[in-house]
Amino acid sequence: MKRILLTGGGTGGHLFPGIALAEALVQLDVACPVFLDHDKAMEQRILDETSFERIRAPWSGGGRIASVVRIGAALKLLKRERIDGVIALGAQPGFAPGIAASWQGKPLFVLEQNRVVGLANRFLTRWARKVFLSCPVERQSRLLRSRGAVLGCPIRPEFVPTEMPVTSKPELLIFGGSQGSSSVNDVLLEVAGHFHQPDRFRVHHVCGPGNEEGVERSWQQLGVEARVSPFLTDPASALISSSLVLGRSGGSTIAELSAVGRPALLWPYPHHRDRHQLKNAQYLEQNGAAMVVSSDDPRQIAVLIEDLVRDVRRLHEMARCCRELGQPASAYRIAEVIAVHLGVEPACSVQPQVNNITASGEEVMT
């Protein structure tokens, strides 16, 4: 069986789409996925829960110069491990293996989760067979228009289109990213102090490891019914149970929200140079699926949350708009395109069902 290497930044935003795509490659009998392990803490925690083969990256450190120097080591790695293709998941760790694959005449695929193409992915586009886009991106080059395919961001199969929960007490799901965010925690607890009717809804706050006791105590003092988790062991269930989501707007988060179909207040991380989280959030807002939190005033944010929680009709309309953007079968659609470039016939001519949701049979230009 063909062996395909997946490599990218060591964050949940890169790893979870990679894992979802790897599972689809296995289910369709397209290739044997192999993850390049950079010995990062997040990689260890997430990849340890899978059974995929991992190989240690033969380098350490970072920087643009280091990425160029690594190409020689990557050439040897691909040859030694009998790698037939590379999937770059984003960020610098995909650069050297991607270039090495191209130099060896092996297919390179690029996965872009955000509406703004990252620097490493933008550079790799010129050598890629296909660039898989989660949504239409801004400022497409002619090269990207010819090689890009908007097939969605691969997500885990448990994220499926689901109707809004029927409940007398809606749940607000709060999270700050794959590792939590102390800034989100602090601001939201300040926001909660301005709620006029804190008993009208409950909260599920994902606060990051080590913050649980203080955050839970703060919610109790504010009179808000709250469940506090250091991280989500079952993020799909938490999302499905929620009536409104407040969090960051990374590419995989946007994909999961739209696959399930939940209204959101999106609070983009403000310190990325390319502001890609803001662009992601604006894409949902422009399509009626979310609102972007643009104010730092706790009083204004509190009013925004309470107004939405009370407006059931608007929540349901936002949820419908969000579901219309969802592409829950994207991993299988991408795997089928990869199969074409690897010269492999997928085991299933029809995409398999994903938790009772049949993947779209839409024709893809390859």
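For the structure itself, consult the block above.
Draft legend 1. Looking closely at the overall build of the protein. Broken down by element type, the protein carries 14 helices and 15 strands. For a compact globule of 366 residues, the expected C-alpha radius of gyration is about 21 Å, and the protein comes in at 21 Å, within 12% of that figure. Along the three orthogonal principal directions, the C-alpha set of the protein runs to about 65 × 45 × 40 Å. Put simply, the protein has 366 residues, and 54% of those count as buried. Here the analysis covers contacts within the protein between residues at least 6 apart in sequence; of these, 66% occur between residues at least 24 apart. Element-wise, carbon and sulfur atoms account for 48% of the exposed surface of the protein, whose accessible area totals about 16,200 Å². When the 40 basic and 37 acidic side-chain charges of the protein are each reduced to a single mean position, those positions are 9 Å apart.

Draft legend 2. Structural view of the pattern of salt bridges. If you walk through the whole model with that rule in mind, you get 15 salt bridges. Note that Glu225 and Lys169 form a salt bridge whose closest N and O atoms lie 2.9 Å from each other. Of this pair, Glu225 sits in the loop between α8 (212–221) and β10 (226–229) while Lys169 sits in the loop between β7 (148–150) and β8 (171–175), and the two are 56 residues apart along the sequence. The partly exposed category is assigned to Lys169, whose relative accessible area is 24%. We note a salt bridge from Asp307 to Arg310, for which the minimum N-O separation is 2.7 Å. Linking Asp307 with Arg310, this pair stays in helix α12 (residues 298–310), spanning 3 residues, or about one helical turn.

Draft legend 3. Representation of the packing of helix α7 (residues 182–192) against α12 within the structure. Axis separation between α7 and α12 bottoms out at 8 Å; the angle between their running directions is 75 degrees. Taken together, the axis directions place α7 and α12 in an arrangement best described as roughly perpendicular. Here Leu188, Glu190 and Val191 of α7 lie close against α12, whose contacting residues are Pro298, Ile301, Ala302 and Ile305. Residue composition of the contact of α7 with α12, by class: 6 nonpolar, no polar and 1 charged.

Draft legend 4. Main features of the packing of aromatic side chains. By the definition in use, this model includes 5 aromatic pairs. On the numbers, 5.5 Å between centres and 45 degrees between planes, the contact of Phe95 with Phe123 is tilted. Here Phe95 is found in helix α4 (residues 95–103), whereas its partner Phe123 is found in helix α5 (residues 119–124), with 28 residues between them in sequence. Residue Phe123 is classed as partly exposed on the basis of its relative accessible area, which comes to 32%. Between Phe195 and Phe201, the ring centres sit 5.1 Å apart and the planes meet at 85 degrees, which makes this aromatic pair edge-to-face. Both residues of the pair, Phe195 and Phe201, count as buried. Taken together, Phe95, Phe123 and Trp127 form an aromatic cluster joined through their ring pairs.

Draft legend 5. Just the pairing of strand β2 (residues 32–37), in detail. For β2, the buried fraction is high: 5 of the 6 residues fall into the buried class. Bridge count for strand β1 (residues 3–7) against β2 is 4 bridges, and the pairing is parallel. Bridge pairing in β2 links Ile4 to Pro33. Bridge count for β2 against strand β3 (residues 53–56) is 4 bridges, and the pairing is parallel.

Draft legend 6. Quick look at unusual backbone geometry. Of note, Ala91 is a non-glycine position whose phi angle comes to about 75 degrees, a positive value. As for its position among the elements, Ala91 is in the loop between β4 (85–88) and α4. With relative accessibility at 33%, the residue Ala91 sits in the partly exposed group. Although it is not a glycine, Arg139 sits at a positive phi angle of roughly 50 degrees.

Draft legend 7. Focus on the sheet that holds strand β13 (residues 290–292). With parallel pairing, the 6 strands of this open sheet are ordered in space as β10-β9-β8-β11-β12-β13. Every other strand in the sheet has two partners, leaving β10 and β13 as the edge strands with one partner each. For this sheet, the mean angle separating the axes of adjacent strands, direction not counted, is 15 degrees. Looking at chain direction, strand β9 (residues 202–206) and β10 are connected through 4 bridges and run parallel. In the strand pairing of β10, His204 is matched with Arg227. Each of β8, β9 and β11 (244–247) is contacted by α7, which is oriented at about 145 degrees to β8, the strand it contacts most.

Draft legend 8. Structural detail: the nonpolar core. Of all hydrophobic cores here, the largest spans 32 residues; its most connected members are Ile4, Leu25, Val30, Phe35, Ile87, Phe132 and Ile338. Setting aside its immediate chain neighbours within four residues, Phe35 contacts Leu5, Leu6, Gly18, Ile19, Ala22, Leu47, Phe52, Glu53, Arg54, Ile55 and Leu89.

Here is what the cut-offs are and how they apply
- Residues numbered from 1 in each chain as written.
- Predicted model: local features only at pLDDT ≥ 70, side-chain atom pairs only at ≥ 80, totals over all residues.
- Heavy atoms only, no water.
- Helix = DSSP H or I, 4+ residues; strand = E, 2+ residues; numbered from the N terminus.
- Rg over C-alpha atoms; globule rule 2.2 N^0.38 Å.
- Buried < 20%, exposed > 50% of the residue type's maximum accessible area, 1.4 Å probe, protein only.
- Contact = heavy atoms within 4.5 Å.
- Areas by Shrake-Rupley, 256 points an atom, 1.4 Å probe, with all protein chains shown as cover.
- Lys, Arg positive; Asp, Glu negative; His and termini not counted.
- Charge placed at Lys NZ, Arg CZ, Asp CG, Glu CD.
- Salt bridge = Lys/Arg side-chain N within 4 Å of Asp/Glu carboxyl O.
- Axes fitted to C-alpha atoms, helices over the stretch in contact; angles between N-to-C directions.
- Parallel < 35°, antiparallel > 145°, perpendicular 65-115°, else oblique.
- Nonpolar A, V, L, I, M, F, W, Y, C, P; charged D, E, K, R; others polar.
- Phe/Tyr/Trp six-rings, centres within 6.5 Å; stacked < 30°, edge-to-face > 60°.
- Pairing = 2+ DSSP bridges.
- Core = buried A, V, L, I, M, F, W, Y, C linked by side-chain atoms within 4.5 Å.

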